[in-house]
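# Fold and geometry: a report
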Amino acid sequence: MKERELKFTLRVFDTVNELSKEDATLFVAAKNALKDAYAPYSNFRVAATVLLSNGKTVTGTNQENAAFPVGICAEGTALSAASALYPDVAISKIAITIKSGKQIIKQPVAPCGVCRQRLLEYETRFNQNIEILLMGEEGEVYAVATVKDILPLNFSKNDL
Ligand code: THU
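Residues numbered from 1 in each chain as written. Predicted model: local features only at pLDDT ≥ 70, side-chain atom pairs only at ≥ 80, totals over all residues. Heavy atoms only, no water.

Relative to the elements of secondary structure, Thr 59 occurs in strand 3 (residues 57-61). Since its relative accessible area comes to 32%, Thr 59 is described here as partly exposed. For the pair Thr 59 and Ser 83, spaced 24 residues apart in sequence, the C-alpha to C-alpha distance is 12 Å. Look past the residues within four positions of Thr 59 in its chain and what remains in contact with it is Ala 29, Ala 33, Ala 48, Thr 49 and Ala 78. (Helix = DSSP H or I, 4+ residues; strand = E, 2+ residues; numbered from the N terminus. Buried < 20%, exposed > 50% of the residue type's maximum accessible area, 1.4 Å probe, protein only. Contact = heavy atoms within 4.5 Å.)

Before going further, it helps to examine the nonpolar core. Core analysis: the largest hydrophobic core is formed by 25 residues, its most contacted members being Val 50, Ile 91, Ile 94 and Ile 132. Elements with a contribution of two residues or more to this core: strand 2 (44-52), helix 2 (74-85), strand 4 (91-100), helix 3 (113-126), strand 5 (131-135) and helix 4 (147-150). Counting residues in each nonpolar core, the second largest holds 10 residues, with Leu 26, Leu 51, Leu 133 and Met 135 among its members. (Core = buried A, V, L, I, M, F, W, Y, C linked by side-chain atoms within 4.5 Å.)

This part is about the environment of Asp 23. Summarising the element assignment, Asp 23 is placed in helix 1 (residues 21-33). For the pair Asp 23 and Gln 63, spaced 40 residues apart in sequence, the C-alpha separation works out to 24 Å. With residues near it in sequence (within four places) discarded, Asp 23 still touches Lys 93, Glu 131 and Leu 133.

Taken together, the residues surrounding the ligand are Ser 42, Phe 44, Val 46, Asn 62, Glu 64, Cys 73, Ala 74, Glu 75, Pro 111 and Cys 112. Note that an oxygen atom of the ligand is positioned 2.9 Å from one of the side-chain N or O atoms of Asn 62. With respect to the ligand, the side chain of Glu 75 contributes an N or O atom lying 2.8 Å from a nitrogen atom. When the ligand sits alone it has 370 Å² of accessible area, and the protein chains cover 75% of it. Within the residue set of the shell around the ligand, elements represented by two or more residues are strand 2 and helix 2. For the shell around the ligand, a count of residues per class yields six nonpolar, two polar and two charged. (Near = heavy atom within 4 Å. Polar contact = N/O pair within 3.5 Å; in protein donor to acceptor, adjacent residues only side chain to side chain. Areas by Shrake-Rupley, 256 points an atom, 1.4 Å probe, with all protein chains shown as cover. Nonpolar A, V, L, I, M, F, W, Y, C, P; charged D, E, K, R; others polar.)

As structure tokens, this is what we get:
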């Protein structure tokens, strides 16, 4: 038996002001879109802005449903919209932010497992890593270089 340690590097920025102009702009778009989330059941708004390799951005928000499992995460709407609008263009980055109706969340919130799998699909489809930028309502920003870092031992089309 041997052990293998799996590691990844999380880059942590003290505030959004430490980001590059490009990355800060993605959060401006995502924050502006939080008002458009449809989250009457959880009162937890999520917005995700995708940057494509052609420079375009596409933003999505969570869209809930009275039949709870039918709801779609913000990352899902953003990735699906980007793919529908620009089917042949790789995705470079995604900035994700939230607003809770209950409290001010000062730490980043990470994508759910399903959305990690969705991100992996677009990474493998275009053979290009997607940088994931995460921010709460305020406070630190996390940057993850590839979804593979937060979805180790994953299953993708490369396994089929
Ligand atoms: N949600 C997202 O939009 N993205 C995630 O990665 C986690 C959760 C949404 C789903 C639901 O509308 C609300 O947040 C509460 O779970």
